[in-house]
Each structure stands twice: as C-alpha cells, then as structure tokens.
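# Chains, contacts and geometry: an overview
Read off the chains here:
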Amino acid sequence: MDSRKDRFLVIGAGPCGLGVAKALKDAGIAYDQVEADREVGGNWFHGVYETAHIISSRKTTEYSDFPMPAHYPDFPSQVQMGEYYRLYTDNFNLRENIEFETKAVMCRPLTDGTWEAELAKGTETEKRIYKGIVVCNGHHWDRRFPDYPGRFEGEFIHSKDFKRPEQLAGKRVLVIGGGNSACDVVSEAARVGSEAHLSLRRGYWFLPKTLFGKPSAETAAIHLPVFIQRLFIKLAMKMVIGKYEDYGLPRPDHKIFEHHPTLSSELLHYLKHGRIKPHRDIAKFEGKTVHFVDGESIEVDTVVCATGYYVSFPFLPKGLVPVKNGNLAEVYAGSVLPNYKNIYVFGTQQVRYGVGPLITPAAKLLARMMKMQDEMELPIGLVIKESGGRVPDSHLIDPIASLRRLKIANWTLPLLIRKERRMRPRFKDIVLPKSPVTNVDPSMQVY
C-alpha cells in the first residue's frame, strides 16, 4: 500500500476543490488532488446544459483573489465559466497536483488517525494511506427524484440529464419544480418545444435576474439586515412584477430567503406570452397523462424533474458525515467532525447569492485549522463543539453574514489551542469510533 502520510488527499477539482487546493498550496500544506473528470470545473464542466448561464452575477461568483476577465458579461455562459476555472487552475499552477479521471472509491479512518483511500482509474484501483482527506465532491450530482402514484410512460428524466435544446424540440414538456434549473429548462421548452408546462407543489419567490439595471445579487440591500432586505425585495417585486397570481403562479408560502430564491426573468416573460402554462402539484401519472391535485389533466411526452439533489458521500462509511433531510451536512465550523481528526468536508452549503467571494477566505481558514490540528491531541471538531459551536440549521447561507463570521473565526481561532489543552484531562480516555467500510458503487463517484 502506497504510504503518503506526509500529505492530504483533496477529492474533487470543482470550484470549491480548486479554492481549497490554492489555500493549501499557499499555506505550504502538502496534498494530492483527484478529479473524476478529465478537466477542472466540476458541475460547470460535466453537469450543466450547454445553454446555461450563471444565476448569480460575475462579481458574486468570481474568486476574491482572481477576478473574471473584464470582457465577461454580468451573467457568464457555461463555456465562459469553464474557461474561467481553467484560467484559475493554470494561473496558480494547480494542475500539477491533480490526477484526472481518478475516482475516490473508498476512504476510511485507520486506528492511528491516518486515512486509507482506494482510488480507481479506469479498470485499475490503488490503495494509499494519507494523513487526512478534504472532501470537495460537490452537491449537484446525486439526483433527487419525486415520488408520485402511477407510472409515466413517456420520457422521464432529471434536469441533470438535460444537456441541449434538441432534447426538447417539438415535444410536449412538463417540468417539475420551482428552482433555478426548473425555470431554465421550462424556458428552453417554451422556445423549442410544442408545449411547455410547469408543475409547482407550493409558492416560490421568483425574482428577476436584474433590478434597476444591475444584477439582483449586487444590489446594495444585500449588506443590510435580512428583515430590511425582505422589505426592499417585496417593494421592488410589487413595482417590477406585481402579483404572482396575475401570472397564474401560487402566492409564496414562505418568507424570502427561508428557501433558495429563484432568479429568472424568462419565466415571467413566457408566462405572460402564454408559452408556459403553470399547474399545481401532481396527483398521479397515468400513461402519458398527468393528473394534478386540482383536477386538471394534460398529456405530455417528456417529464423533466428539476427537483434538486442529495448531499452524499458514497466513498465514505455510511453515517460518518451525518446528513439531515438529505441536504444538510451536520459539520462544525462548516467542515469538521467531533469524532474524527484530519477529515474536512468543504462546500456542502448553498450560498444565497454567489459562492465565489466566500471560497477563498473559507479555504484559508480551513488551512489554518488543518495546521492547528497538528498541535492538538483531540479532534478540532470536538474542541469547537465543546466551545459552543453548532452544526448549521439550514443548507442555505447568507454570504455577507458568513464573511463576518469568517473574520471573527480568524481572530478567535488561536483560542482553541488553550481550550483543547484544558479539555485533554476530561477526554483523556476518549475512544474515537472506527466506522466499518460499506460497499459503494464506483459508478456513483461523479464530482
């Protein structure tokens, strides 16, 4: 078995994995990085449809230490986003540490605190021992499908499987969901399909991508307290959009930001032009007929489920990272566990606007925590927990508030060393659990 106890294994080379790699390199922390695809970019390389543009703006998506090219528009395309992550990788010489087309099949803790990793490249597998692992496998790959009575006999796919407009051309299309992907796909169906339908199980906040000539994510209101942001957006929606009921949409059943907001100017445009027809939740399928809870029925050829994803780690022992409601990884300080040393789970939460400005400072803080762990006998996650730290209560985070918390954490982090030394006598007999390895399906390892 290949011993690499002098370094960490970074799993994934998407936006978060690249940010972590740069932070480790800057901090002088040795690491290897594996990526299942043949190129960097994660979801922007393998996951999105070819006509996709970002929902958040250029300025709220770019890394804080590497601006996007000035000629990029406010909402860069899938091609431009892929180019940007390649530029970032090559600018900071990160490619030399990446092993492409290499999947993490299994990772498990060993009795001496190190980690065993089994990696697959093609038909060959290899086992290595690492000091620790940093998990950056993303959260837009493990498809979540709805469960309705009956059987649909047409084409039934997830939005992840939609890649190009030709898949919808000339078809009667029903999209399930009210998130950003749902709006993009149903708008594409409105352009190229014979019919475009949208099924919503509840009311959503549909916000335009721009307000007063600027991307909505860049309004000055994002720096204000959340209750003021809500008042501002409500007022702006009344002025710019009016009532959702006038578009045939149900009234939102939650406060703004309690769920991920949906940014789409096209949806409302096509609703007013009659190209998209809204419907309530689905009651059942019957052949190619879809019955809705209000008694309405339609016939369609294709159903696209834009119903989100699970946060999952199939290469880790089951339950090692607790996940609540399928989408909330219960980790402390956004990345650590109380029962294990040298495992860091990075980037599982979703940012309300753009994630870019958060990645660099969060990755720098992670690198500091990894170095501090070397000075501790107890897991740093346990020290944080005993210091009053809590697991997140939502998978959705406010980027401005998170930046403030990162600044505070950088100032208070050294205090954890003294806290850990005081804790040692109380936890001297601690026995960290050794989780068994569960069987995993290598075909699931897509980052």
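These numbers come from a predicted model, not from an experiment. (Residues numbered from 1 in each chain as written. Predicted model: local features only at pLDDT ≥ 70, side-chain atom pairs only at ≥ 80, totals over all residues. Heavy atoms only, no water.)

### With respect to the pairing of strand 5 (residues 115–121)
Selection criterion: Only protein chains enter the area calculation, which uses a 1.4 Å probe; residues under 20% of their type maximum are buried, those over 50% are exposed, and those in between are partly exposed. Strands are runs of DSSP state E lasting at least 2 residues, helices are runs of H or I lasting at least 4, and numbering of each runs from the N terminus. Being paired, for any two strands, means DSSP has found at least two bridges between them.
Within strand 5, six of the seven residues are buried, which leaves the element mostly enclosed by the surrounding structure. Here six bridges tie strand 4 (residues 103–109) to strand 5, and the two strands are oriented antiparallel to one another. Bridged to Lys103 within strand 5 is Ala120. Alignment of strand 5 against strand 6 (residues 124–135), held across seven bridges, turns out to be antiparallel. From the neighbouring strand, Ala117 faces strand 6, where its bridge partner is Arg128.

### Points about the sheet that holds strand 19 (residues 297–299)
Just so we agree on the cut-off: An axis is simply a line fitted to the C-alpha atoms; with a helix, the fit covers only the stretch in contact. Between two such axes, the angle follows the N-to-C directions and lies from 0 to 180 degrees.
The four strands are arranged 8-17-18-19 in an open sheet whose pairing can be described as mixed. In this open sheet, the two strands that pair with only one neighbour each are strand 8 (150–152) and strand 19. Within the sheet, the average angular offset between the axes of one strand and its neighbour, ignoring direction, is 35 degrees. In this structure, strand 18 (residues 289–292) lies alongside strand 19, joined through three bridges in antiparallel fashion. Counted as the bridge partner of Val290 is Ile298 from strand 19.

### Things to note about unusual backbone geometry
Its identity as a non-glycine residue notwithstanding, Ala333 has a phi of 55 degrees, on the positive side. If you trace the backbone, Ala333 turns up in the loop between strand 23 (328–329) and strand 24 (343–345). The exposure class of Ala333 is partly exposed, given its relative accessible area of 45%. Here the phi dihedral of Asn342 falls at roughly 65 degrees; this positive angle occurs in a residue that is not glycine. Residue Asn342 is classed as buried on the basis of its relative accessible area of 10%.

### Points about the packing of aromatic side chains
Note the following rule: Each Phe, Tyr or Trp ring, with Trp reduced to its six-membered ring, pairs with another whose centre is within 6.5 Å; inter-plane angles below 30 degrees give stacked pairs, above 60 give edge-to-face pairs, and intermediate values give tilted ones.
Under the defined criterion, the tally for this structure stands at 19 aromatic pairs. Ring geometry for Tyr49 against Phe162: centres 5.3 Å apart, planes inclined by 45 degrees, an arrangement best described as tilted. Within this pair, whereas Tyr49 is found in the loop between helix 2 (43–46) and helix 3 (78–91), its partner Phe162 is found in the loop between strand 9 (155–158) and strand 10 (172–176), the two being separated by 113 residues in sequence. Classification of Tyr49 by relative accessible area gives buried; the value is 8%. Judged by its relative accessible area of 0%, Phe162 falls in the buried class. Taken together, the ring pairs connect Tyr63, Phe66, Tyr84, Tyr85, Tyr88 and Phe92 into an aromatic cluster.

### Quick word on a positive patch on the surface
We apply this condition: Patches were defined on residues exceeding 30% relative accessible area and lacking a salt bridge, with like-charge contacts within 9 Å and nonpolar side-chain contacts (Val, Leu, Ile, Met, Phe, Trp, Tyr) within 5 Å. Areas reported as accessible are Shrake-Rupley estimates using a 1.4 Å probe. Residue values count occlusion only from the protein chains shown. Counted as salt bridges are all cases of a side-chain nitrogen of Lys or Arg within 4 Å of a carboxyl oxygen of Asp or Glu. In summary, the charge assignment counts Lys and Arg as positive and Asp and Glu as negative, without counting His or the chain termini. Taken as the charge centre is NZ of Lys, CZ of Arg, CG of Asp or CD of Glu, depending on the residue.
The grouping of Lys234, Lys238, Lys243 and Lys255 at the surface amounts to a positive patch. On the secondary structure map, Lys234 appears in helix 5 (residues 226–240). In this structure Lys234 comes out as partly exposed when scored by relative accessible area, which is 44%.

### Structural notes on the sheet that holds strand 10
Under the convention used in this document: Should any heavy atoms of two residues lie within 4.5 Å, those residues are counted as being in contact.
The sheet built from five strands is open, its strands ordered 9-20-10-11-16 with parallel pairing. Two strands lie at the open edges of the sheet, namely strand 9 and strand 16 (277–279), each paired on one side alone. Each neighbouring strand pair of the sheet contributes to a mean axis angle of 20 degrees, computed without reference to strand direction. Relative to strand 20 (residues 302–305), strand 10 runs parallel, the two being bridged by four bridges. Note on strand 20: the bridge partner recorded for Val173 is Thr302. The strands touched by helix 4 (residues 180–192) are strand 10, strand 11 (195–199) and strand 20; relative to strand 11, the strand with the most contacts, the crossing angle is about 160 degrees.

### Here's the deal with the confidence of the model for the chain
This is how the line gets drawn: Note on scores: pLDDT gives the predictor's confidence for each residue, bounded by 0 and 100.
Taken as a whole, the chain shows an average pLDDT of 91; of its residues, 96% reach a score of 70 or greater. For the stretch residues 435–447, pLDDT sits under 50, and the model shows 37 contacts to residues farther than four places along the chain or on other chains.

### With respect to helix 5
Keep this limit in mind: How far a helix is expected to stretch is found by multiplying one less than its residue total by 1.5 Å. Working definition: the arc comes from the directions between the helix axis and the C-beta atoms, pointing outward to the latter.
A rise of 1.5 Å per residue sets the reference length of helix 5, with its 15 residues, at 21 Å; its end C-alpha atoms lie 21 Å apart and thus fit the reference within 8%. Gln229, Ile233, Ala236 and Met237 are the residues of helix 5 that are buried. Viewed end-on, helix 5 has its buried residues packed into an arc of 100 degrees, placing them on one side of the element. Seen from the open side of helix 5, the exposed residues pointing more than 90 degrees away from its buried face are Phe227, Leu231, Leu235, Lys238 and Met239. Considering only its buried residues, helix 5 is in contact with strand 12 (206–207) and strand 13 (210–211).

### Concerning the side chain of Asp142
What counts here: Within 3.5 Å is the distance limit for a polar contact, defined as a pair of N or O atoms, with the added protein rule that one can donate a hydrogen and the other accept it, and that residues adjacent in sequence qualify only through two side-chain atoms.
Topologically, Asp142 is positioned in strand 7 (residues 142–143). Buried and unpaired, Asp142 has Arg143 as its nearest opposite-charge partner, separated by 6.8 Å. In terms of polar contacts, Asp142 uses its side chain to reach the side chain of Ser312, at 2.6 Å.

### With respect to a nonpolar patch on the surface
Together, Phe212, Phe232, Leu235, Met239 and Val240 line one region of the surface with nonpolar side chains, adding up to about 530 Å² of accessible area. Phe232 gets classed as partly exposed once you look at its relative accessible area, which sits at 30%.

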